[in-house]
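Listed here are the chains, written in short residue letters.
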Amino acid sequence: MADDKDITLAVLSEKIDRIHACVEKNSEDITDLKIRMSYGNGSVKAVLWVGGVIAAVVGLMRIFGN
């Protein structure tokens, strides 16, 4: 009976170690995803800002060009 308990504890310990490794990897992946999302949000804002400036310049050129 004691051998069964030792084997069971060893198996549980191994499974906990695997879960711990998976949780660490998932945490790293989540951090990487957050960074990528922030880069994406920043680039969208930059594109919208540049597009707004270009649209304003073109609009002013049409108003004052005629």
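Definitions and limits used
Residues numbered from 1 in each chain as written. Predicted model: local features only at pLDDT ≥ 70, side-chain atom pairs only at ≥ 80, totals over all residues. Heavy atoms only, no water. Helix = DSSP H or I, 4+ residues; strand = E, 2+ residues; numbered from the N terminus. Buried < 20%, exposed > 50% of the residue type's maximum accessible area, 1.4 Å probe, protein only. Patch = residues over 30% accessible without salt bridge, like charges linked within 9 Å, V, L, I, M, F, W, Y side chains within 5 Å. Areas by Shrake-Rupley, 256 points an atom, 1.4 Å probe, with all protein chains shown as cover. Salt bridge = Lys/Arg side-chain N within 4 Å of Asp/Glu carboxyl O.

1. Thoughts on the environment of Lys15
The topology assignment puts Lys15 in helix 1 (residues 2-65). By relative accessible area, Lys15 is classed as partly exposed at 48%. Once the C-alpha coordinates of Lys15 and Ile35 are considered, the two residues, 20 residues apart in sequence, prove to be 30 Å apart.

2. Overview of a nonpolar patch on the surface
Together, Trp49, Val50, Val53, Ile54, Val57, Val58 and Met61 line one region of the surface with nonpolar side chains, adding up to about 680 Å² of accessible area. Of note, Met61 is situated in helix 1.

3. Quick notes on the pattern of salt bridges
Within the structure shown, the criterion is met by three salt bridges. Across the pair Glu14 and Arg18 runs a salt bridge, and its minimum N-O distance is 2.4 Å. Taken as a pair, Glu14 and Arg18 lie in helix 1 at a separation of four residues, close to a single helical turn. Judged by its relative accessible area of 52%, Arg18 falls in the exposed class. The partner of Lys25 in a salt bridge is Asp29, and the shortest N-O contact between them spans 3.0 Å. In this pair, Lys25 and Asp29 both sit in helix 1, four residues apart, roughly one turn of the helix. Residue Lys25 is classed as partly exposed on the basis of its relative accessible area, which comes to 49%. Look at Asp29 and you get partly exposed, because its relative accessible area is 37%.

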